[in-house]
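Examination of the molecular architecture
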Amino acid sequence: MRTFLVLLVLLAAGAGGVWYYAGTLPGPTVEILEPTKGVGQSGQLTVEVATPRERLQQLDVWLEQNGERKATLFSLSDSASAAQLTPLPDRVRVTRTVGKQDVPELQAGNARIVVSASGPVFFGLRTASGAADHEFEVHLTPPQIGVQSVHHFINQGGSEVVVYRTTAGAKSGVRVGDKEYPGYPAAGAGIAGASPDLHVAFFALLWDQDPATPISLFARDDYGNESRASFDYRVIPKRFRQSRIGLDDRFLGKVVPAILQNTADFKVQDPADLLASFLAINRDLRRQNNATITELASHSAPRVLWKDTFKQLANTAVEAGFADQRSYIYRDQSVDQQTHLGFDLASTSNAPVHASNAGTVVFAGWLGIYGNCVIVDHGMGLQSLYAHLSSIGVKVGDPITAGQDLGRTGATGMAGGDHLHFTMLLNGNAVTPVDWWSKQWIQDRIIRKFREADSAVAAGGN
């Protein structure tokens, strides 16, 4: 009996030791990945807990300010939070927006994210916990913004520029409907001595945007706080030409196989079906090509690279204009509609193609419907495009002077005959070149504003 009692005592002591040991096992590891610096009207919360979802018993995330619990951001016990939880192979992740818009209780100043998690250990006999907290700042004061230039007139399908002031460091520019055009420090436009808060932004009202589309300045900081400001402008509506493009088997047999051969990553269902392949090229490949053009806008220099008036290719006749509304006719049937966003300029075969103004080459190669193509960046979001070339004489990164040879005209891509397809681009959007070919327009709409800003800076209003 005595031996039995001793055995019981030893077993109890062992069980107690095991129970104590289980209580010392570490709980889930918690890591707060975001916010890193701070939040404002918007912000992001990202929390990771190193334990499989099935082993997580409790997870709560909350916000504290001034020592008070302001808001619960996530709770595993709340079914409404389920969409914010992402199970990963060996952990779980909580993601959600966390700013003044989502958490009205937020106030400017210091704040703290607190996370508490627990899960079973030692065959589920005990529960172990883990926790973490992270301090950050709440910024709710939006950046300042206000216009400085006057008299803004914009042709539908055309361009304009505005000079304005905004809080240094804020992302700013002009919003036209759902399009944003970035602003750049005014020093890049040659306004000497301009303070960091003085900016310029080129913007456009696209051919397919309603003349009543709202246009305003915006400034947005890293915390999601945004300001808007109106400025005076007048829109000049335009009517664009309707045209018919006849298709025949000879034309389809010329352009379709060549485009497919030179665009290996674009596939059609049946390359032998020339009409269906043409329609896929005219619609889908056109969209892909235009997406590439839009992406190239991000490579624009933050300063003006051009000087004086842009030049139309010399001794050329205009075969098609900007924003022509084209209907494609095959065997007396309309099979497609697209918009021609440039000028078709024709002279002699294999004529030299000259740069319309100074800049830097950002694209030189095959570009789907545009065939052999060169795109020159002129700075601050402004670029020019030269398409259907028979040959290219420059490469990406080359500095270009006005009038420099870029290549030779041709009939590559979706071209029926030898010509140059030319257009101007603003932040990747096609705008009419007519404005930029006009010395008077450039002097009145752009240079005047820069000179007035320069004078204001010289007078001490930098």
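Further remarks concern unusual backbone geometry. The omega angle of the peptide bond from Glu-34 to Pro-35 is 10 degrees, so this bond is cis rather than trans. The phi angle at Asp-308 is positive, at roughly 60 degrees, despite the residue not being glycine. Looking at the element boundaries, Asp-308 is found in the loop between α3 (274-296) and β21 (317-320). Note on Asp-308: relative accessible area 52%, which makes it exposed.

Side chains Phe-343 and Leu-345 of strand β24 (residues 343-346) all project onto a buried face; the interleaved residues Asp-344 and Ala-346 project onto the opposite face, where all are buried too. As paired strands, β21 and β24 are joined by three bridges and run antiparallel to one another. Across the sheet, the residue bridging to Ala-317 is Ala-346, located in β24. Alignment of β24 against strand β32 (residues 420-426), held across three bridges, turns out to be antiparallel. The residue of β32 that forms the bridge with Leu-345 is Leu-420.

Glancing now at the sheet that holds strand β18 (residues 226-229). Judged by pairing direction, the sheet is antiparallel, and its four strands sit side by side in the order β14-β13-β17-β18 without closing on themselves. At either margin of the open sheet sits one strand with a lone partner, and together these are β14 (179-182) and β18. Here the average twist between neighbouring strands, direction ignored, is 30 degrees. Bridge analysis of strand β13 (residues 171-176) against strand β17 (residues 215-220) gives six bridges, and the strand direction is antiparallel.

Per the stated rule, a full pass over the model turns up 23 salt bridges. The shortest N-O distance in the salt bridge between Arg-175 and Glu-180 comes to 2.7 Å. The partner of Asp-344 in a salt bridge is Arg-326, and the shortest N-O contact between them spans 3.4 Å. Remark: Arg-326 occurs in strand β22 (residues 324-330) and Asp-344 occurs in strand β24; sequence separation between them is 18 residues. Accessibility assignment for this pair places Asp-344 and Arg-326 in one class, buried. Salt bridges sharing common partners tie together Arg-175, Glu-180, Arg-220, Glu-226 and Arg-228.

Enumeration over the complete set of coordinates arrives at 13 aromatic pairs. Aromatic side chains Phe-343 and Trp-437 sit 5.2 Å apart centroid to centroid with 65 degrees between the ring planes, which places their arrangement in the edge-to-face category. Highlighted residues: Phe-343 in strand β24 and Trp-437 in the loop between α4 (433-436) and α5 (439-458), separated in sequence by 94 residues. Summarising the burial analysis for this pair, Phe-343 and Trp-437 share the class buried. Through a chain of ring-to-ring contacts, three or more aromatic side chains come together here, namely Phe-202, Trp-306, Phe-310, Trp-436, Trp-441 and Phe-450. Sitting above the plane of the Trp-62 ring, Arg-69 keeps its charged end 4.1 Å from the centroid. If you follow Arg-175 out to its NZ or CZ, it ends over the ring of Phe-218, 4.7 Å from the centre.

On to α5. The axis of α5 is deflected most strongly, by about 40 degrees, at Ile-447. Listed as buried for α5 are Trp-441, Ile-442, Arg-445, Ile-446, Ile-447, Arg-448, Lys-449, Phe-450, Ala-453 and Val-457. Next to the buried residues of α5 lie β11 (153-155), β12 (159-166), β16 (198-204), β19 (234-236) and α4.

Definitions and cut-offs
Residues numbered from 1 in each chain as written. Predicted model: local features only at pLDDT ≥ 70, side-chain atom pairs only at ≥ 80, totals over all residues. Heavy atoms only, no water. Helix = DSSP H or I, 4+ residues; strand = E, 2+ residues; numbered from the N terminus. Buried < 20%, exposed > 50% of the residue type's maximum accessible area, 1.4 Å probe, protein only. Pairing = 2+ DSSP bridges. Axes fitted to C-alpha atoms, helices over the stretch in contact; angles between N-to-C directions. Salt bridge = Lys/Arg side-chain N within 4 Å of Asp/Glu carboxyl O. Phe/Tyr/Trp six-rings, centres within 6.5 Å; stacked < 30°, edge-to-face > 60°. Lys NZ or Arg CZ within 6 Å of the ring centre and 35° of its normal. Bend = angle between axes of the 7 residues up to and from the residue. Contact = heavy atoms within 4.5 Å.

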